[in-house]
Amino acid sequence: MLHAPRCTHAGNARAQTPMAFIRAILRAYAKAGRDAAGALRAGGLARADVEDPAGRITAEQMESICLFAMRELDDEALGWFGRALPWGTNGMLCRASLPSATLGVALKRWCRHHGLLVDDIEIHLCAGQAQLRIEIDERRDLQEQREFALVSTLRHVHGIACWLVDARIPLRGATFPYAAPDHAGAYGWMFRTGLCFGQARASIRFDAHFADMPVLRDDRDLRQMLQRPLPLLVQQYPRAHRVGKQVRDLLRAHAAKSLVAPALASRLNLSVRSLHRHLAEEGLSLQDIKNEVRREAAIASLARRDRPIKQVAGAVGFQNEASFNRAFREWTGQTPAEYRRGLHGTAASAHRHVRQDASATSFRTGSGSINPAESPRPG
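First things first, this report covers the structure right here in the doc. (Residues numbered from 1 in each chain as written. Predicted model: local features only at pLDDT ≥ 70, side-chain atom pairs only at ≥ 80, totals over all residues. Heavy atoms only, no water.)

This part is about the overall build of the protein. When its secondary structure is counted, the protein shows 17 helices and 10 strands. For the protein, the proportion of its 379 residues judged to be buried stands at 48%. Taking contacts inside the protein between residues at least 6 apart in sequence as the whole, the part at least 24 apart equals 65%. For the protein, the computed accessible surface area is about 19,300 Å², with 51% contributed by carbon and sulfur atoms. (Helix = DSSP H or I, 4+ residues; strand = E, 2+ residues; numbered from the N terminus. Buried < 20%, exposed > 50% of the residue type's maximum accessible area, 1.4 Å probe, protein only. Contact = heavy atoms within 4.5 Å. Areas by Shrake-Rupley, 256 points an atom, 1.4 Å probe, with all protein chains shown as cover.)

As a further point, take the pairing of strand β6 (residues 171-176). For β6, a buried count of five out of six residues is recorded, marking the element as mostly surrounded by other parts of the structure. Bridge analysis of β6 against strand β8 (residues 202-207) gives four bridges, and the strand direction is antiparallel. Among the inter-strand pairings, Ala174 is bridged to a residue of β8, identified as Ile204. In the sheet, β6 pairs with strand β7 (residues 195-197) via three bridges, with the strands oriented parallel. (Pairing = 2+ DSSP bridges.)

According to the stated counting rule, one finds 17 salt bridges in the structure shown. Asp119 serves as the salt-bridge partner of Arg83, at 3.1 Å between the closest nitrogen and oxygen. One end of the pair, Arg83, is in the loop between α4 (59-73) and α5 (89-97); the other, Asp119, is in the loop between α6 (103-117) and β4 (121-127), and 36 residues separate them in sequence. Exposure remark for Arg83: the relative accessible area of 41% places this residue in the partly exposed category. A salt bridge links Asp166 to Arg217; the nearest nitrogen and oxygen atoms lie 3.3 Å apart. (Salt bridge = Lys/Arg side-chain N within 4 Å of Asp/Glu carboxyl O.)

Membership of the largest hydrophobic core comes to 96 residues, with the highest contact counts inside it found for Ile22, Ile25, Met62, Phe191, Val247 and Leu275. With 12 residues, the top contributor of residues to this core is helix α7 (residues 146-165). Filtering out sequence-adjacent residues up to four positions away, Ile25 remains in contact with Met62, Ile65, Cys66, Ala69, Leu78 and Phe148. With 12 residues, the next largest nonpolar core counts Ala313, Phe318, Trp331 and Tyr339 among its residues. (Core = buried A, V, L, I, M, F, W, Y, C linked by side-chain atoms within 4.5 Å.)

Pasting the structure below:
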């Protein structure tokens, strides 16, 4: 069983999640006709704590309670909707989005597949020139679960988006279709952006260029994340310490464009100065990463005999063959032509040695040559 510290209140800076959300979870238990005592124990709470209107709990307590309740009720929506979302539903939605090349495509898939499972709300990805907006249309009255359902859905979609590109995506605004609640101060911690209440629908906005960021996750990452999925719902995504990997992935995806520092920084939502600082913290430099990516691409291309060296140079971001020759000699001590001859010469030599070795191990019986591996078995 999971355990967490006793309930803490507004005086503790870490305790920001409003107790109203715990009361919503208790309503889910009541709807299912179940006792919520185990969920409260998992979060270190007593019934009296839940009734405190000014009460707050930590993200760790919220994670423990949600995890326990989702499993015990077998409902990842915690009673928000007309039908339960069995444990594993959100993992399935993530898996359906993973093959996407970019975040924009992945989010469209996530929203579309969510709509196949839920009739009560519809999630839309709305693209503008400067910003993307994720908004929720309510198709059924969510009643007392409305706030918890809308807030949790927006935070979950945002968390999944950050996870897919392994970067914290800063929000540019959030709207909610109800008056500001008594605990509205907690919204600043949950969304870290400007807030507008009493609007037509619930939504969040972020810069449009994030839609073009490559999806960095694979099935192994998903399996690891699903061992502890709730932080994507209840906590801010940690700032990435893998800027070097993101730069490599961008350079590989746009090899022929030879992206420069301002273009890379813009795609990663960083200033040029911050880009270089993050790389330095990882013991890297932009030029070293560029050389590494170009060298990998060049070596892979030179393995193809039918591709002219001039074409290889252009494909890996060089303006002419001469500059490519100089750079490749610095990387390997050989020109591209010498490297290619050596590569194919080694392969041909290895092939000849294999044939010679096979011939040496054969022996004659009568008038035919028989390899021992092909000899008839005795008996």
